[in-house]
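Chain by chain, the residues:
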Amino acid sequence: MSTSRLAIRLYTYRGYSAPWRVSIMLKLKQLQFQPFFVNLPKAEQLSNMYSQINPLQIVPTLEINGQLLHESMAIAEYLEEEFPRNKLLPKSPLEKAIVRSMCETVNSGIHPYHASRFYKYVHNYVSDINRQEISEPFLDRGFTALNTLVEKHGGDYAFGNQVTIADAFLYPAFRGDDVSYLVNLDKYPALKKVVENLDQLPEFAYEHPDSQG
Amino acid sequence: MQQKLKLYTYFRSSTSHRIRIVLNLKEIDYEPKFVNLLTGEHKSEDNKEELPNQAVPALHIPDGTILIESMAIAEYLDEVYPQKKLLPQDPVLKAKVRGFCELINSGMHPYQNLILFEWIEKYIEKFDRVEFVQNVLKSEFQTMEKLLLQNHGKYSFGDEITLADCFLVPQVMGAIARFKLDISLFPTIQEVYNNLKDLPQFYKAQPDQQPDFK
């Protein structure tokens, strides 16, 4: 797909892990995009205004050529297929499956357990417990599984020595504002090594939410 | 003689159920290995190598590689076994099918598993699993209904079976059986579900048709 005059808009909130994955991918693919900021801490995605734009009321949403795409993994796969420059998945189906399993360990094995919705529903049942206590057993389980995968298959980065989609998922899973206060990276040495390598890459640079106009 | 794929599965595991459907649709001959989640077999030292994330499903490839995560496994099978393709060619439609699968995979299923219940039950004696899941998943079922309204034909996306259907049936079947989902509240989900569940590839994959069903 030609990138000239391509309109890409990302519905996002800086610092939050899920939209950050997509923003990293767009930067790795050297794609220009317009960010549209949705105030996630204030649940703005549930507002009437946002629901006119995106009836699914989900962030991240990628608007590309007038189409609305949701779910960071679906968006990642779309970008990888439509913009082949700077490949972010290995060649063989088996290696791709390993990279995907790392992404999914974050997407379904870690992220759901620090989502504000999760806290809301748990607090309906257990009131005198804080977020760290709620999330800790689940996050530990997920990060331990991810550490095992990266121990086995990682090198400089999550999978070998090339940056892949797995890094775009792994990095915000630690550095994201919605999760960093809940996790101790020192517990997961294989992940720590990769995160520190990714700290050096400009495409992974943290953007503070206050920088959102 | 070529070795078969081995699928580590539990009859009632929704995530395993998805892969059983995929394998049936693609007519892939595989060897099931049953893991009893209720007795904690997934956590035992004996299964440490076979189940690297202490969960099902796990797919063992003859060359020794072990794949986990149902979405990653499904994408692998769709690519390597091209008969009965489960992802459409059109990139945007493909993204929508994947988005639908992920709504279930990461937006719904993580909130209804045994680990979560067992943890909460440590704090609350009379925890109502059914009520909790109904509350947590209510808006997601509404989203699923919206997505289907936009995209459905006979099945989730048009008139061809896609990966979305392989995720929809286990999610809905489990919700009806275990969490008292009133599917009549979601007429499009109901219609698509009814069109799918009695197809032989889907029927043979369901929990009560599994050799380890109790």
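Everything quoted here is computed from the prediction, not taken from an experiment.

**Topic: the overall build of chain A**
The helix and strand tally for chain A stands at 8 helices and 4 strands. The secondary structure elements of chain A, listed N-terminal to C-terminal, are β-α-β-α-β-β-α-α-α-α-α-α. Taken across its 213 residues, chain A has 57% of its residues classed as buried. Pairs at least 24 apart in sequence give 69% of the contacts found in chain A among residues at least 6 apart. A total accessible area of about 9000 Å² is found for chain A, and carbon and sulfur atoms account for 47% of it. Charged side chains of chain A number 21 positive and 24 negative; the gap between the two group centres comes to 4 Å.

**Considering the pattern of salt bridges**
Going through the model one piece at a time under the given rule, you end up with 23 salt bridges over all chains. Note that A:Asp186 and A:Lys192 form a salt bridge whose closest N and O atoms lie 2.5 Å from each other. Salt bridges here are not isolated pairs; linked through shared partners, they connect A:Glu77, A:Glu81, A:Lys96, A:Arg100, B:Glu75, B:Glu79, B:Lys94 and B:Arg98.

**Here we look at empty space enclosed by the protein**
A full pass over the atoms with the stated rule returns 1 cavity of 30 Å³ or more. Approximately 40 Å³ is the volume found for the largest cavity. Contributing to the lining of the largest cavity are A:Met73, A:Ala74, A:Glu77, A:Arg100, A:Glu104, B:Met71, B:Ala72, B:Glu75, B:Arg98 and B:Glu102. Of all the secondary-structure elements, those providing two or more residues to the lining of the largest cavity are helix 3 (72-82) and helix 4 (93-109) of chain A together with helix 2 (70-80) and helix 3 (91-107) of chain B. Considering only residue class, the lining of the largest cavity consists of 4 nonpolar, no polar and 6 charged.

**Quick word on the UniProt feature "domain: GST C-terminal" (unreviewed entry) in chain A**
Per the UniProt annotation, the sites labelled "domain: GST C-terminal" (unreviewed entry) are residues 92-213 of chain A. The span residues 92-213 of chain A carries 57% helix and 0% strand; its end-to-end C-alpha distance comes to 42 Å.

**With respect to the pairing of strand 2 (residues 30-34) of chain B**
Examined bridge by bridge, strand 1 (residues 5-9) of chain B and strand 2 of chain B share 5 bridges and lie parallel to one another. When the bridges of strand 2 of chain B are listed, B:Tyr8 appears paired with B:Lys33.

**Some thoughts on helix 8 (residues 189-198) of chain A**
Residue and element names in this part refer to chain A. Every buried residue belonging to helix 8 is among Ala190, Leu191, Val194, Val195 and Leu198, and all of these are buried. Along the long axis of helix 8, the arc covered by the buried residues comes to 130°, so they all point the same way. Here the buried face of helix 8 lies against helix 6 (131-153) and helix 7 (165-175).

**Description of the sheet that holds strand 3 (residues 58-60) of chain B**
Residue and element names in this part refer to chain B. Spatially, the 4 strands line up as an open sheet ordered 2-1-3-4, and their pairing is mixed. Edge positions in the sheet fall to strand 2 and strand 4 (66-68), since each of these pairs with one other strand and no more. Neighbouring strand axes in the sheet, compared pairwise and without regard to direction, differ in orientation by 25° on average. As paired elements, strand 1 and strand 3 share 3 bridges and run antiparallel to each other. The partner of Leu7 across the bridge, within strand 3, is Leu59. Packed onto the sheet, helix 1 (residues 14-25) meets strand 1 and strand 2 and runs at close to 150° relative to strand 1.

**What to know about the packing of helix 3 of chain B against helix 6 (residues 163-179) of chain B**
All names here are of chain B. At a closest axis distance of 8 Å, the pairing of helix 3 and helix 6 adopts a crossing angle of 25°. With respect to helix 6, the axis of helix 3 lies roughly parallel. The crossing of helix 3 and helix 6 is left-handed. Contacts between helix 3 and helix 6 involve Val97, Phe100, Cys101, Ile104 and Asn105 from the former and Leu163, Ala164, Phe167, Leu168 and Gln171 from the latter.

**Quick word on the confidence of the model for chain B**
Mean pLDDT over chain B: 94, with 99% of residues reaching 70 or higher. Reported confidences for the modelled complex are a pTM of 0.96 and an ipTM of 0.95.

The rules we used
Residues numbered from 1 in each chain as written. Chains lettered and ligands numbered in written order. Predicted model: local features only at pLDDT ≥ 70, side-chain atom pairs only at ≥ 80, totals over all residues. Heavy atoms only, no water. Helix = DSSP H or I, 4+ residues; strand = E, 2+ residues; numbered from the N terminus. Buried < 20%, exposed > 50% of the residue type's maximum accessible area, 1.4 Å probe, protein only. Contact = heavy atoms within 4.5 Å. Areas by Shrake-Rupley, 256 points an atom, 1.4 Å probe, with all protein chains shown as cover. Lys, Arg positive; Asp, Glu negative; His and termini not counted. Charge placed at Lys NZ, Arg CZ, Asp CG, Glu CD. Salt bridge = Lys/Arg side-chain N within 4 Å of Asp/Glu carboxyl O. 1 Å grid on protein atoms, 1.4 Å probe; cavity = no way out; pocket = protein on both sides within 12 Å on 5 of 7 lines; lining within 4 Å. Points joined across faces, edges and corners; volume = space filled by probe spheres on them. Nonpolar A, V, L, I, M, F, W, Y, C, P; charged D, E, K, R; others polar. UniProt positions renumbered as here; feature names shortened; annotations may be inferred. Pairing = 2+ DSSP bridges. Arc of directions from axis to C-beta. Axes fitted to C-alpha atoms, helices over the stretch in contact; angles between N-to-C directions. Parallel < 35°, antiparallel > 145°, perpendicular 65-115°, else oblique. Left-handed = near helix turned anticlockwise from the far one by under 90°. pLDDT = per-residue confidence, 0-100.

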